[in-house]
Amino acid sequence: MTAPTISRLFSRGITRTLLTPHPVEHYVRSLGVTWSDDPTGATVVTVDRPVADVTVLTLRLPAGVSRPAPGAALEIGVVIDGVVHRRHYSPIDSASRSDGLATIAVRRHPGGVVSEHLWSEAAAGMRLLLGSPVGEAALPRDRPADVLLVSGGSGITPMLSIASTLAGEGHCGDGAAGRVAWLHYARRVEDVPFRDRIRELSRAGVDVRVVPTAGVDPSEQTPGSPAGHLTADHLAEVAPWHA
């Protein structure tokens with residue numbers, strides 16, 4: 001009987017369970033082994049920095065790894081100075097994407113170990129570790145007819161996936177039975193990444209409002225242009241049908 005290769009051995013579920021809490025790649029790298037054909041990791045395909053504090057990575061997922069449900073997150077492991085740091089990032093693209101790629105966005109935080117590292121070091125070809133998908137805010141398989149989304153700051157990422165998935169399914173827009181409304185809060189509109197994608201979603205029937213919160217006098221708000229922090233009036237304006 002032929003012995004399994006090291007990559008097959010370390011890919012087995014029982015092996016990964018026994019080595020918890022660290023992924024097997026942590027131990028392999030500790031031995032000074034470069035595991036370029038790691039079947040459990042993701043490869044960075046493209047890197048973009050659309051605004052001053054966001055790194056956008058398009059990843060090639062390994063064969064057999066399923067995308068998380070819309071709104072859920074991938075567990076990403078980054079090795080920095082020999083230490084594995086894990087973070088959770090929601091893909092921003094539609095769950096129906098079938099080319100084996102997933103795009104995540106990482107907001108840069110001053111002093112943030114992972115976000116600063118990816119901002120300065122991320123490049124095509126970088127390898128990242130993958131854990132199991134997580135998240136309790138995922139879009140259910142049985143789609144509700146009416147969907148109201150509310151987010152702020154980096155919360156834009158799971159909502160982009162949910163809105164993109166619903167738009168791609170024809171859930172909203174002309175002739176559709178469903179309705180999708182989305183309020184996203186940001187200090188300034190110009191600080192929001194993916195504005196082109198938001199405009200595409202708007203054309204597809206998603207009622208998107210980007211709401212500025214900095215330097216806003218609520219008394220000067222005009223109908224159709226909410227500003228400031230979330231209020232019941234904002235919800236009533238964008239989704240008068242919400243419960």
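Predicted model only: the values in this text are computed from it and were never measured.

**Student:** Explanation requested: the packing of aromatic side chains in the structure shown.
**Tutor:** Note on aromatic pairs: each is described by the distance of the centres and the angle between the planes. Taken as a whole and assessed by the stated rule, the structure comprises zero aromatic pairs. Looking at Arg49, its charged tip hangs above the ring of Trp119, at a distance of 5.6 Å from the centre.

**Student:** Can you help me understand the pattern of salt bridges in this one?
**Tutor:** When their charged atoms lie close together, side chains carrying opposite charge are able to pair. Following the criterion strictly, the structure yields 14 salt bridges and no others. A salt bridge links Glu116 to Arg108; the nearest nitrogen and oxygen atoms lie 2.9 Å apart. Arg108 sits in the partly exposed class, given a relative accessible area of 31%. For Asp146, the salt bridge identified is with Arg179, shortest N-O distance 2.8 Å. Placement of the pair is Asp146 in strand 7 (residues 146-152) and Arg179 in strand 8 (residues 179-186), with a sequence separation of 33 residues. Asp146 sits in the partly exposed class, given a relative accessible area of 30%. Residue Arg179 is classed as partly exposed on the basis of its relative accessible area, which comes to 40%. Salt bridges sharing partners connect three or more residues here, namely Arg67, Asp93, Arg97 and Asp99.

**Student:** Honestly, the nonpolar core in this entry has me stumped. Any pointers?
**Tutor:** If you look at soluble globular proteins, the nonpolar side chains tend to sit buried side by side. Residues Leu149, Leu160, Val180, Trp182, Leu201 and Val206 are the most contacted members of the largest nonpolar core, which totals 25 residues. Counting residues per element, this core draws most heavily on helix 5 (residues 156-168), which supplies seven residues. In this view, Leu201 contacts Leu160, Ala163, Ser164, Ala167, Trp182 and Val206; residues no more than four positions away in its chain are not counted. Within the second largest apolar cluster, 19 residues are counted, among which are Val44, Leu59, Ala122 and Met126.

**Student:** How should I be thinking about the environment of His234 in this particular structure?
**Tutor:** In this fold, His234 is placed in helix 7 (residues 232-238). Note on His234: relative accessible area 2%, which makes it buried. Polar side-chain contacts of His234 include one of 2.7 Å to the side chain of Tyr185.

**Student:** Explain the packing of helix 5 against helix 6 (residues 195-203) here, please?
**Tutor:** How two helices sit against one another is set out by the angle between their axes and by the gap between those axes. At a minimum axis distance of 10 Å, the contact between helix 5 and helix 6 shows a crossing angle of 35 degrees. Every pair of crossing elements has a handedness; the one defined by helix 5 and helix 6 is left-handed. Here Ile156, Leu160, Ala163, Ser164 and Ala167 of helix 5 lie close against helix 6, whose contacting residues are Arg197, Ile198 and Leu201. Considering only residue class, the contact of helix 5 with helix 6 consists of six nonpolar, one polar and one charged.

Cut-offs used in this document
- Every residue gets a number counted from 1 within its own chain, in the order that chain's sequence is written.
- pLDDT decides what is reported in this predicted model: residues at 70 or higher carry local features, side-chain atom pairs at 80 or more are listed and counted, and totals for whole chains, interfaces and linings draw on all residues regardless.
- Remark: hydrogens and water are excluded; side-chain values derive from all non-hydrogen atoms of the structure.
- Within 6.5 Å between ring centres, the rings of Phe, Tyr and Trp (the latter by its six-membered ring) count as paired, and their orientation is classed by plane angle as stacked under 30 degrees, edge-to-face over 60, tilted in between.
- We call a charge positioned above a ring when the Lys NZ or Arg CZ atom is no farther than 6 Å from the ring centre and deviates by at most 35 degrees from the ring normal.
- Every case where a carboxyl oxygen of Asp or Glu lies within 4 Å of a side-chain nitrogen of Lys or Arg is listed as a salt bridge.
- Only protein chains enter the calculation, and the probe is 1.4 Å; a residue is then buried if its accessible area is under 20% of its type maximum, exposed if over 50%, and partly exposed in between.
- Each helix corresponds to a stretch of at least 4 residues labelled H or I by DSSP, and each strand to a stretch of at least 2 residues labelled E; elements are numbered beginning at the N terminus.
- As used here, the term nonpolar core means buried Ala, Val, Leu, Ile, Met, Phe, Trp, Tyr and Cys residues forming a set that is joined through side-chain atoms within 4.5 Å.
- Throughout, a residue-residue contact means that at least one pair of heavy atoms, one from each residue, lies within 4.5 Å.
- Think of a polar contact as two N or O atoms within 3.5 Å of one another; within protein, one of them needs to be a possible hydrogen donor and the other a possible acceptor, and neighboring residues in sequence only count if both atoms come from side chains.
- Axis angles are defined between N-to-C directions and span 0 to 180 degrees, where every axis is a line fitted to C-alpha atoms and, for a helix, only to the segment in contact.
- Crossing handedness follows the turn of the near helix against the far one: under a right angle anticlockwise gives a left-handed crossing, and clockwise gives a right-handed one.
- Residue polarity is assigned by list, with Asp, Glu, Lys and Arg as charged and Ala, Val, Leu, Ile, Met, Phe, Trp, Tyr, Cys and Pro as nonpolar; anything else, Gly included, falls into the polar class.

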